[in-house]
Amino acid sequence: RRLAEERGIDLGRIKGTGPGDRITKDDVLAFEPEAEAAPSVEAPPSAPEVVAGERVPLTRMRQQIARVTVRSKQEIPHFYVSAEIDMTEAMELRRQVNADPADDGARVSVNDLIIKACVGALKKYPKFNASFAEDGIQMNPSINVGIAIAQEAGLTVPAILDCGDKALPQIAAASKDLV
């Protein structure tokens, strides 16, 4: 009630999601007056064009989602899902690339293949190459991939910069330089 009062929201306008349709704190935080006026059956708006380097302002809803997500990552235990992948063809590609006598000495590792696959995914789905900023989502213009490297002093995560247009041997050379 106090939160709704602070925000100038009439509790009668909020649909509760708690037990017995009670209004919860999250309901108040997620409430957007302009959203209630919209018809309930509406075609989803088309996604706006993603522009590299652009900072997209967050709606109040997305700001709350970001706050809750960050808080959950800090406060709630997580679990991770893994999957088995048949790497037979990838390993054959690696063997062929490493057998080429024209290379510059940087041998392609399995890690390099994974980096190249991640770059491909980020090029296909550029919204995943973004980061949360206090006032919006920063759409990053280049693809930089960090590699976790264990050292005696601790873990460091240097990055291979501008991976978007790098060929596999170039990624291997950059990875070798980082290590």
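Quantities reported herein were computed from a predicted structural model and do not represent experimental measurements.

A. Layout of the nonpolar core. Among the nonpolar cores identified, the biggest contains 11 residues, and these are I115, V119, L122, I143, V145, I147, I149, I160, C163, I171 and A174. At the level of elements, helix 6 (110-124) and helix 7 (168-178) are the ones that each hand at least two residues to this core. Sequence-distant contacts of I160, that is, excluding residues within four places in its chain, are made with I115, I143, N144, V145, I147, K166, I171, A174, S175 and L178. Among the nonpolar cores identified, the runner-up in size contains 6 residues, and A106, V108, L113 and L168 belong to it.

B. Main features of helix 7. Within the span of helix 7, buried status applies to L168, I171, A172, A173, A174 and S175. Considering only its buried residues, helix 7 is in contact with helix 5 (88-99), helix 6 and strand 7 (159-160).

C. The pattern of salt bridges, seen in detail. In the structure shown here, the tally under the stated rule is 3 salt bridges. The salt bridge partner of R55 is D135, with a shortest N-O separation of 3.1 Å. You can see R55 sitting in strand 1 (residues 55-57) and its partner D135 sitting in the loop between strand 2 (130-133) and strand 3 (136-139), a full 80 residues away along the chain. What makes D135 partly exposed here is its relative accessible area of 48%.

D. Seen up close, unusual backbone geometry. Even without a glycine there, the phi angle at D162 is positive, about 50°. Along the chain, D162 falls in the loop between strand 7 and helix 7. We classify D162 as partly exposed; its relative accessible area is 47%.

E. Examining a nonpolar patch on the surface more closely. Together, M91, V110 and I114 give the surface a local cluster of nonpolar side chains, amounting to about 210 Å² of exposed area. Mapped onto the fold, V110 is located in helix 6. Here V110 falls in the partly exposed class, since its relative accessible area comes to 31%.

F. A look at the sheet that holds strand 2. Taken in spatial order, the 3 strands make up an open sheet running 1-3-2, and their pairing is antiparallel. The open sheet has two free edges, formed respectively by strand 1 and strand 2, since each of these has just one partner strand. Each strand of the sheet is rotated relative to its neighbour by a mean of 25°, with strand direction disregarded. With 4 bridges connecting them, strand 2 and strand 3 associate as antiparallel partners. Within the sheet, the bridge partner assigned to S131 lies in strand 3 and is Q138.

G. Spatial organisation of the side chain of N129. Mapped onto the elements, N129 comes out in the loop between helix 6 and strand 2. A distance of 3.0 Å separates the side chain of N129 from the backbone oxygen of S142, its partner in a polar contact. Excluding its chain neighbours within four sequence positions, the residues that come into contact with N129 are L122, Q138, M139, N140, S142 and I143.

H. Summary view of the packing of helix 6 against helix 7. Packing of helix 6 against helix 7 brings their axes to within 9 Å, and their N-to-C directions diverge by 120°. The angle between helix 6 and helix 7 places the two elements in the oblique class. In this structure, helix 6 crosses over helix 7, and the sense of that crossing is right-handed. Together, D112, L113, I115 and K116 of helix 6 and L168, I171, A172 and S175 of helix 7 make up the contact between the two elements. Among the residues forming the contact of helix 6 with helix 7, the class breakdown is 5 nonpolar, 1 polar and 2 charged.

Quick notes on the rules
Residues numbered from 1 in each chain as written. Predicted model: local features only at pLDDT ≥ 70, side-chain atom pairs only at ≥ 80, totals over all residues. Heavy atoms only, no water. Core = buried A, V, L, I, M, F, W, Y, C linked by side-chain atoms within 4.5 Å. Buried < 20%, exposed > 50% of the residue type's maximum accessible area, 1.4 Å probe, protein only. Helix = DSSP H or I, 4+ residues; strand = E, 2+ residues; numbered from the N terminus. Contact = heavy atoms within 4.5 Å. Salt bridge = Lys/Arg side-chain N within 4 Å of Asp/Glu carboxyl O. Patch = residues over 30% accessible without salt bridge, like charges linked within 9 Å, V, L, I, M, F, W, Y side chains within 5 Å. Areas by Shrake-Rupley, 256 points an atom, 1.4 Å probe, with all protein chains shown as cover. Pairing = 2+ DSSP bridges. Axes fitted to C-alpha atoms, helices over the stretch in contact; angles between N-to-C directions. Polar contact = N/O pair within 3.5 Å; in protein donor to acceptor, adjacent residues only side chain to side chain. Parallel < 35°, antiparallel > 145°, perpendicular 65-115°, else oblique. Left-handed = near helix turned anticlockwise from the far one by under 90°. Nonpolar A, V, L, I, M, F, W, Y, C, P; charged D, E, K, R; others polar.

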